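# Reading the structure
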Amino acid sequence: MIWGTQTFALGLALAALIGCAGAGHRYGCDNDAGSCDQGYQNSDGGRPNLPSFLSTPVVVAHDGKHDGFADVTSFNGQVYAAYRRAPSRGYDGTAEVRIVRSADKGQTWTPSGSVALPGYDLRDPKLTLFKEKLLVSFTAWDASDPTKNRAFFRAALSSDGQTFAVLDAPSLPQPFGLSAWRPRLAANALLLPVWTADELFNHPDLDHVSLLRSTDGQSFPLASALPIGGGAEPELLVRDGGRLLLTTPGRAIDGTPGKQSFCSSTLATDSISDWTCWTSATRVETPLLYEWSGSLLLFGRHDVGEGKRRTAIWQVLEDAQSLVLIADLDTFGDTGAPGLLQLDPSTALLLYYTSSRSDPQAQKLDHEPTEGEAISLNLSADVMALKLYLPSAPIGN
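Owing to the predicted nature of the structure, the values given are computational and were not obtained by experimental measurement.

Below, the discussion takes up the overall build of the protein. Counting secondary structure elements, the protein contains 3 helices and 27 strands. A fraction of 52% describes how many contacts in the protein between residues 6 or more apart in sequence connect residues 24 or more apart.

Right, here's the structure in full:
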């Protein structure tokens, strides 16, 4: 590959807060300090006696197909991951959800199960523990006629992590036309963020981001409508005390760049209070929110210029209503859709996908492909995993 391997890079380093180095610097390993133990790359620069923030990635799924849109959770003492497997990123009625598991905290992976609905493209699979079973939820797109642009929220349930029974179509505020993102548990119920997906149809009553709520996994009435129009991929975080935080990337409208919206509220027993919102100029697609030791992190993909994409990590500074880039991952082309699982008080496992460097077409290029090129060339994609050593994260208050 002529254009070479992209290295891990730190973005804005919060130098005034924690004394880290500036953007783009990569530190060598300090063997005397033991900072390269456990496969961690020394890239944070400010904590020489600790493992680095980002570990060396390992491959979760690679088979020459488009393996992407991953999520991860723990179940029955093992780590489980779900991802979409298809011949391409485009609509395909053979696209399915693959389930893999790891008995060594994400170092090695073995096949565990799959979910398919012939004629439907299964996208954005998410894993949730619900009533002591493993729930995989996804949006199923009718691939028989793409011009119909029909999306259906569906789910499958497993008691052993290997056999997944597709549940009956759930009761929703509308029978089709809603895409779903990551469900979150709150007060023994599922909160499901959704957005209007069928853009060829007019849904004036739900042309915004909404939260649905279910106690049985089958009926999802409307719990709250957010004051966000034109949003997609709404990511919800349930915090201590019933506090809710939701973020969504807004679509670009009439040449105006899309922004990232953040809305907060509080969940009571049977109601959600009014939402308070703010926006950031930094747009983060396929978002994932995560809170550790009082610090709020956002994961997702962003445009780094000239149509090139990276999966990256930001710190969310709520008081300042801003985002600070702390790391760009070694990704390119078609990438994003991170999933995260905390393994222990100090370590988290992060999954994401990226265009494959071993794809023959990628190796022939004399430049890094944009996202559009990766899709048009039908580059294969791989699911990757790395560990985050959180005490070394370049974050501050």
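Here we come to the pattern of salt bridges. A full pass over the atoms with the stated rule returns 21 salt bridges. In this structure, the salt-bridge partner of Arg309 is Glu285, at a minimum N-O distance of 2.4 Å. Of this pair, Arg309 sits in strand 23 (residues 308–317) while Glu285 sits in strand 21 (residues 285–292), placing them 24 residues apart in sequence. Under the relative-accessibility criterion, Glu285 is labelled buried at 13%. Two residues, Arg301 and Glu371, come together in a salt bridge whose shortest N-O distance is 3.8 Å. Pair noted here: Arg301 is in strand 22 (residues 295–305) and Glu371 is in helix 3 (residues 371–376), with a separation of 70 residues, a long-range link. With respect to class, Arg301 is no different from Glu371; both count as buried. Three or more residues are tied together by salt bridges with common partners; here these are Arg89, Arg283, Glu285, Arg301, Asp303, Arg309, Asp334 and Glu371.

Let us look at the pairing of strand 22. Burial within strand 22 is extensive, with 8 of its 11 residues counted as buried. Sheet analysis places strand 21 next to strand 22, joined by 6 bridges and oriented antiparallel. Following the sheet pairing, Tyr290 is matched in strand 22 by Leu297. As consecutive antiparallel partners, strand 21 and strand 22 are separated by 2 residues, and within that stretch Ser293 has a phi angle of approximately 50°, a positive value.

The 4 strands lie next to each other as 8-9-10-11, forming an open sheet whose pairing is antiparallel. This sheet does not close on itself; its edge strands, each paired only once, are strand 8 (120–130) and strand 11 (165–166). Strand direction decides the pairing type here: strand 9 (residues 133–142) and strand 10 (residues 151–158), joined by 8 bridges, are antiparallel. Note on strand 10: the bridge partner recorded for Phe138 is Arg154.

Applying the stated criterion to the full structure yields 8 aromatic pairs. An angle of 40° between the planes, with centres 5.0 Å apart, marks the rings of Phe69 and Tyr353 as tilted. Highlighted residues: Phe69 in strand 4 (residues 66–75) and Tyr353 in strand 26 (residues 347–355), separated in sequence by 284 residues. A relative accessible area of 6% places Phe69 in the buried class.

In this model, Lys105 sits at a positive phi of 60°, which is unusual for a non-glycine residue. Its place among the elements puts Lys105 in the loop between strand 6 (96–102) and strand 7 (110–115). Here Glu306, not a glycine, exhibits a phi torsion of approximately 60°, which is positive. Residue position: Glu306 is located in the loop between strand 22 and strand 23.

Let us look at the sheet that holds strand 20 (residues 276–280). Taken together, the 4 strands give an open sheet; going across it, the order is 17-18-19-20, and neighbouring strands pair in antiparallel fashion. Each edge of the open sheet carries a strand with a single partner, namely strand 17 (235–238) and strand 20. Each adjacent strand pair in this sheet contributes to an overall mean axis angle of 20°, direction not counted. By the bridge criterion, 5 bridges tie strand 19 (residues 260–266) to strand 20 in an arrangement that is antiparallel. By the bridge assignment, Phe262 is partnered in strand 20 with Trp278.

Attention shifts here to the side chain of Asp67. Mapping Asp67 onto the fold places it in strand 4. Arg85 is the oppositely charged side chain nearest to the buried, salt-bridge-free Asp67, at an N-O distance of 4.3 Å. Excluding anything up to four places from it in sequence, Asp67 contacts Ala61, His62, Tyr83, Arg84, Arg85, Tyr353, Ala381, Asp382 and Val383.

Note that soluble globular proteins tend to have their nonpolar side chains buried in a common cluster. Among the nonpolar cores identified, the biggest contains 21 residues, and Phe299, Ile313, Leu350 and Leu388 are the most heavily contacted of them. When contributions to this core are tallied by element, the ones reaching two or more residues are strand 21, strand 22, strand 24 (322–328), strand 26 and strand 27 (381–389). Filtering out sequence-adjacent residues up to four positions away, Phe299 remains in contact with Val284, Thr286, Pro287, Leu288, Tyr290, Ala312, Ile313, Trp314, Pro338, Leu340, Leu350 and Leu388. One finds Val58, Phe69, Val72 and Val383 within the second-largest nonpolar core, a separate group that totals 19 residues.

About the thresholds
Residues numbered from 1 in each chain as written. Predicted model: local features only at pLDDT ≥ 70, side-chain atom pairs only at ≥ 80, totals over all residues. Heavy atoms only, no water. Helix = DSSP H or I, 4+ residues; strand = E, 2+ residues; numbered from the N terminus. Contact = heavy atoms within 4.5 Å. Salt bridge = Lys/Arg side-chain N within 4 Å of Asp/Glu carboxyl O. Buried < 20%, exposed > 50% of the residue type's maximum accessible area, 1.4 Å probe, protein only. Pairing = 2+ DSSP bridges. Phe/Tyr/Trp six-rings, centres within 6.5 Å; stacked < 30°, edge-to-face > 60°. Axes fitted to C-alpha atoms, helices over the stretch in contact; angles between N-to-C directions. Lys, Arg positive; Asp, Glu negative; His and termini not counted. Core = buried A, V, L, I, M, F, W, Y, C linked by side-chain atoms within 4.5 Å.

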